[in-house]
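Per-entry structural report
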Amino acid sequence: MASVLVASNRGPVSYAVAEDGSLDARRGGGGLVSGLSAVSSEDSVWVCAALGEGDRQAVRRGISEPGVRMLDIDPDVHADAYNGIANSVLWFVHHMLYQTPVEPVFDAEFRRRWTSYETYNRAFAEALAAEADPGAQVVVQDYHLTLVPGMLREARPDLRIGHFSHTPWAPPEYFRMLPDDIAEQVLRGMLGADRLGFLTRRWADAFAACCTALVGGTGGTELGVHGLGADADFLRERSRRPDVEDRLAALREQIGGGPDRKTIIRVDRTELSKNIVRGLLAYRALLEDHPEWRGRVVHVAFAYPSRQDLAVYRDYTAEVSRVAEEINTAFGTDDWTPVLLHVKDDFARSLAAYRLADVALVNPIRDGMNLVAKEVPVVSDEGCALVLSREAGAYEELGEDAITVNPYDITGTARALHEALTMPDGERAERSKRLAASATALPPQRWFLEQLEALREVR
Ligand code: F6P
C-alpha cells in the first residue's frame, strides 16, 4: 500500500533475459524517474506495464524492484492498446500527423483495438485501486492511460487523482476527428481526475477548448501547467565523466577539419513528430544557398530508434538515413562528410555532442516540451545557438533567446541555421546562459512535488 502512486505504460526499470536464463534489470532515466525520487520509495508505488519478454518473466518469477509494480497484461491486448491506439491514433491526433486524404480510418478493426485499450486501462485502474492507501495521491501519466482517472474515481472516490500529459493536446477541430463517442470517452475519462497537468499553457487551453466543444466544459476538474525543466545538477556532473570525454574526442575526430569547422547537432528519438527529414533538407538548402559553408560545417544527427513495431516508424527511420546519404553523396569530399548520422542510442555520446555544438537544431512539427532544447544550453562548453521550432512546448520558455522557425519552412530553417552559425561568439554565449537559466527553472523533483502539492490543495 502507498500514499503516492504513479502510473505509466513504461516503468522505471526493464528486464532482459540473459543467455543463462537469468534476468538483468536496467533502470531508465528521464524526468519522471528523478521527479519521483523526491518521494521515499517506502511511501510510493510506480505501476507500469510489462513490455517485453524479460519484464513478463520477472512478473511470473516474482522479481521486482522496491516500489515498482509491473502488470503482466495479455501481450495481444497490450499491443492493441500501445501500438494500435496510443501510438497510432492518440499520438497522431495530438501531434496532428495524419495525411487526412487517406487516414485515419475508424472502422471495425479500430473498434476492436479500442476494446483492448479499455481493458488495458482497466488493468491499471484495478491495480491502483488495490495499492492505494485511503486518501492517497495518484498521478497517472500520458495518452496511454486517459481512461484510468474516470475508472479509478468510480472504484475509489476517496483518492486524490491527477493526470499529467507529456504530449501536446490537439485543438478541437483536430481532436474531433475521433469518432464522437470515443472523443467523449477520452475527455470524460480524463475529467475523472481532480487535476490535470500539462507542460504548457497552450496544451492546457487546447484541452479546455475540446471540453467546451464536446462535453460542455471541464466541470470540477482543475487544470494546471508544470513546465518540466532540465536537471542541471545531474547533467553538469554526468557530462564531465570520462566516458563523455572519450566520446567527445571520438566525435571531434569524425567531424575533422580542425577547430574552425562548425557543428550543427540534433538529438532525437526517431518519432514522426521530430521532423528530422525536413531538418536534413534545410541543411542541404543551407549548403546550396551558402556554398561558403561547404567543408566548414558538419551536421551531427543522432536519430535513435523508437517504436519500431510500427511500419510507419520504420519507414521514417529509413527515409532519414536515405536523405542523409543523399546529402553526403552530393556534397561530401575526401576530407569532409557533411552529415554524421548515428542511430544507436548512446547517452554519453549525446552529452558529448551537446558539449561541442555550435548550433542545436530542434525543429519538431509539434512537441509536448522537447527536453533536448533545454539540456543543450545547460551542458554546452562554450555556448550554443538554438534553432527552435515555434511548435515545441519549450518555445514558450525559450523562444526569446532562440532563433525560432516554422518547422515546415525549409528555406526559413536554412536561413535560421545560417544566422545561428554566424552569431558572434559573445552573443551566443550570453543567449546560451539565459537559455540555461530558463531551461532549469523547474527541475524534475520540484516539478513533481509541485504537482503533489497542488493535488493536495484541490477542493
Ligand atoms: O515524450 C512523450 C512521451 O509520451 C513520454 O511521456 C513517454 O515517456 C514517451 O513519450 C513514450 O515513449 P515510448 O513509446 O517509447 O514508451
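The rules behind these values
Residues numbered from 1 in each chain as written. Predicted model: local features only at pLDDT ≥ 70, side-chain atom pairs only at ≥ 80, totals over all residues. Heavy atoms only, no water. Axes fitted to C-alpha atoms, helices over the stretch in contact; angles between N-to-C directions. Helix = DSSP H or I, 4+ residues; strand = E, 2+ residues; numbered from the N terminus. Parallel < 35°, antiparallel > 145°, perpendicular 65-115°, else oblique. Left-handed = near helix turned anticlockwise from the far one by under 90°. Contact = heavy atoms within 4.5 Å. Nonpolar A, V, L, I, M, F, W, Y, C, P; charged D, E, K, R; others polar. Core = buried A, V, L, I, M, F, W, Y, C linked by side-chain atoms within 4.5 Å. Buried < 20%, exposed > 50% of the residue type's maximum accessible area, 1.4 Å probe, protein only. Domains from an automatic or database assignment. Buried area = accessible area lost by both parts, 1.4 Å probe. Pairing = 2+ DSSP bridges. Near = heavy atom within 4 Å. Polar contact = N/O pair within 3.5 Å; in protein donor to acceptor, adjacent residues only side chain to side chain. Areas by Shrake-Rupley, 256 points an atom, 1.4 Å probe, with all protein chains shown as cover.

**Some points on the packing of helix α14 (residues 371-379) against helix α17 (residues 425-439)**
- At a closest axis distance of 8 Å, the pairing of α14 and α17 adopts a crossing angle of 125 degrees. Taken together, the axes of α14 and α17 lie oblique to each other. Relative to α17, the crossing made by α14 is left-handed. Of the residues in α17, those in contact with Lys 374, Pro 377 and Val 378 of α14 are Ser 432, Leu 435, Ala 436 and Ala 439.
- The residue inventory of the contact of α14 with α17, partitioned by class, reads 5 nonpolar, 1 polar and 1 charged.

**Looking at the nonpolar core**
- Judged by nonpolar contacts, the single largest core of 158 residues is most densely connected at Phe 124, Trp 169, Phe 175 and Phe 448.
- Domain assignment of the residues forming this core places at least three in each of domain 1 (2-228 + 444-457) and domain 2 (232-439).
- When neighbours within four sequence positions are excluded, Phe 448 is seen to be in contact with Val 4, Val 6, Leu 32, Gly 35, Leu 36, Val 39 and Val 139.

**With respect to the packing of helix α3 (residues 75-95) against helix α4 (residues 108-131)**
- At their nearest, the axes of α3 and α4 sit 8 Å apart, and the two run at 110 degrees to each other. On the basis of their axis angle, the class for α3 and α4 is roughly perpendicular. The chirality of how α3 crosses α4 is left-handed. Residues Val 77, His 78, Asp 80, Ala 81, Gly 84, Ile 85, Val 89 and Leu 90 of α3 touch α4, and the partners they reach there are Phe 110, Arg 112, Arg 113, Trp 114, Ser 116, Tyr 117, Thr 119 and Tyr 120.
- Among the residues forming the contact of α3 with α4, the class breakdown is 9 nonpolar, 4 polar and 3 charged.

**Things to note about the domain arrangement of the protein**
- Taken domain by domain, the protein holds domain 1 (2-228 + 444-457) and domain 2 (232-439).
- Taken over C-alpha atoms, the centre of domain 1 sits 30 Å from the centre of domain 2.
- With 24 residues of domain 1 in contact, the opposing surface of domain 2 contributes 20 residues.
- Taken together, both faces of the contact between domain 1 and domain 2 bury some 1700 Å²; the carbon and sulfur share is 54%.
- Looking only at domain 1, the three residues that lose the most surface to domain 2 are Trp 91, Arg 202 and Leu 228, adding up to 27% of its buried area.

**A few points about the sheet that holds strand β13 (residues 359-362)**
- Across the sheet, which stays open at both edges, the 6 strands sit in the order β12-β11-β10-β13-β14-β15 with parallel pairing between neighbours. In this open sheet, the two edge strands, each paired with only one partner strand, are β12 (339-342) and β15 (403-405). When the angles between neighbouring strand axes are averaged without regard to direction, this sheet yields 20 degrees.
- One ladder, built from 4 bridges, connects strand β11 (residues 297-304) with β12; its direction is parallel. Opposite His 299, over in β12, you have Val 339 as the bridge partner.
- Here helix α10 (residues 242-255) sits on the sheet in contact with β10 (262-269), β11 and β12, set at roughly 130 degrees to β11.
- This element, α14, spans β10, β13 and β14 (385-389) of the sheet and lies at about 170 degrees to β13.

**A few points about the site of the ligand**
- The full set of residues close to the ligand is Arg 10, Tyr 82, Trp 91, Asp 142, Tyr 143, His 166, Thr 167, Arg 269 and Arg 307.
- In the environment of the ligand, an oxygen atom lies 2.5 Å from a nitrogen or oxygen atom belonging to the side chain of Asp 142.
- Between the ligand and Arg 307, the relevant distance is 2.9 Å, taken from an oxygen atom to a side-chain nitrogen or oxygen of the residue.
- Protein coverage of the free-state accessible area of the ligand, which is 400 Å², stands at 75%.

**Comments concerning unusual backbone geometry**
- Cis geometry marks the peptide bond from Glu 103 to Pro 104; its omega dihedral reads 5 degrees.
- With respect to the secondary-structure elements, Pro 104 resides in the loop between α3 and α4.
- Its identity as a non-glycine residue notwithstanding, Asp 142 has a phi of 80 degrees, on the positive side.
- For Asp 142, the location among the structural elements is in the loop between β6 (132-141) and α5 (148-155).
- Taking relative accessible area as the criterion, Asp 142 reaches 12% and is therefore assigned buried.
- In this structure, Asn 370 takes a positive phi of about 85 degrees despite not being glycine.
- On the secondary structure map, Asn 370 appears in the loop between β13 and α14.

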